[in-house]
Amino acid sequence: MRGLFIVLEGCDRAGKTTQTQLLQKFLQARDRTCELAKFPDRTTSLGITINSYLQGSQALSDQAIHLLFSANRWELIDSLESKVKNGVNLIVDRYAYSGAAFTSAKGLDIDWCKSCDKGLLKPDLVLFLDTSNKTMSKREDFGAEVYENLEFQSKVREQFHLLKDDSWKIINASGTIEEVQAEIQTHVLTLLNQDSYAPIQRN
Ligand code: DGP
Ligand code: NA
Ligand code: NA
């Protein structure tokens, strides 16, 4: 049987990294092979350029950085797909939805933003860690990266809500780490307990 392709999305500081790690432990405790991936992957040569942009040390137009984020997904997707085909359950911290949400929050056309990610692997499940504006303001320990400010993040959140489709589950991320993880596990278990999975699709 193939593995599942599970994506966690959300604004910055929503707790995605912690939750992906806990979900991996949960699956491994059930004897499932499980690996984590993360976008942007800052280790490739494209990823190094993305990292310089995010840290404010390299300026790029909104369109150029958008296409680099997308290219970073495209350069890695074949290897991720073969893992899934070989039975690895993959948990991915951010994906193409972040691409469309962050860039369209700058005012670019949302359909243009989505178009370059067409044909990427379609997730089996998207867990959207939703942080209310109120929770976000309590987490104002944003780092120094270019997108990490409250006003921009609330625009990003609105864009995420425009992008959701039937593969999405909205998780209330203002609960405790354990509460959020429990909600995530419920959705993942429902999928895991299916006798067979639909064939892998490209979006
Ligand atoms: P992270 O390493 O998860 O903190 O993500 C890096 C930052 O980049 C974060 O603010 C979200 C943003 N981001 C992630 N993917 C994309 C994308 O495809 N396009 C744009 N414009 N921003 C993205
Ligand atoms: Na960040
Ligand atoms: Na993160």
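Look above for the structure.
These numbers were taken from a predicted model, which means no experiment stands behind them.

A. Molecular detail of the overall build of the chain. Each helix and strand in the chain was counted, giving eight helices and five strands. Across the chain, helices and strands are ordered from the amino to the carboxyl terminus as β-α-β-α-α-β-α-α-β-α-α-β-α. Compactness check: the chain gives a C-alpha radius of gyration of 16 Å against a globular reference of 17 Å for 203 residues, within 12% of the reference. Projected onto the principal axes, the alpha-carbon positions of the chain cover approximately 45 × 35 × 30 Å.

B. Examining helix 2 (residues 45-54) more closely. Those residues of helix 2 that fall on the buried side of the exposure criterion are Gly47, Ile50, Ser52, Tyr53 and Leu54. Buried residues along helix 2 sit in contact with helix 3 (62-85). Of the residues one or two after helix 2, Gly56 is the one with positive phi, at around 85°.

C. Inspection of the packing of aromatic side chains at higher detail. Scanning the model with the defined rule gives 11 aromatic pairs in all. With 5.0 Å between their ring centres and 50° between their planes, Phe128 and Phe160 make a pair best called tilted. You can see Phe128 sitting in strand 4 (residues 125-130) and its partner Phe160 sitting in helix 7 (residues 150-163), a full 32 residues away along the chain. Across this residue pair, the class does not change: Phe128 and Phe160 are buried. A centroid spacing of 5.3 Å and a plane angle of 20° characterise the contact between Tyr147 and Phe152, whose relative ring orientation is stacked. No difference in accessibility class separates Tyr147 from Phe152, as the two residues are buried. In this structure an aromatic cluster arises from ring pairing among Tyr53, Tyr97, Phe102, Phe128, Tyr147, Phe152, Phe160 and Trp168.

D. Main features of the state of the cysteines. Per the counting criterion, the structure on display carries zero disulfides. Left unpaired, Cys11 is separated from the closest cysteine sulfur, that of Cys113, by 16 Å. Cys11 sits in the buried class, given a relative accessible area of 1%.

About the cut-offs
Starting from 1, residues in each chain are numbered consecutively following that chain's sequence as written. Each chain gets a letter, beginning with A, and each ligand a number, beginning with 1, in the order they are written. Local features in this predicted model are restricted to residues whose pLDDT is 70 or higher, and side-chain atom pairs enter the listing and the counts only when it is 80 or higher, whereas totals over whole chains, interfaces and linings include all residues. The side-chain values count all of the structure's non-hydrogen atoms but skip hydrogen atoms and water molecules. Only DSSP runs of H or I with at least four residues qualify as helices, and only runs of E with at least two residues qualify as strands; both kinds are numbered from the N terminus onward. As defined in this context, the radius of gyration uses C-alpha atoms, and a globule is described by 2.2 Å times the residue total to the power 0.38. Accessible area is worked out with a 1.4 Å probe on protein chains only. A residue is then buried under 20% of its type maximum, exposed over 50%, and partly exposed in between. Here, two residues are considered to be in contact whenever any of their heavy atoms come within 4.5 Å of each other. Think of it this way: a Phe, Tyr or Trp ring, Trp meaning its six-membered ring, pairs with another when their centres are within 6.5 Å, and the plane angle makes it stacked under 30 degrees, edge-to-face over 60, tilted otherwise. The disulfide criterion is simple: two cysteine sulfur atoms within 2.5 Å.

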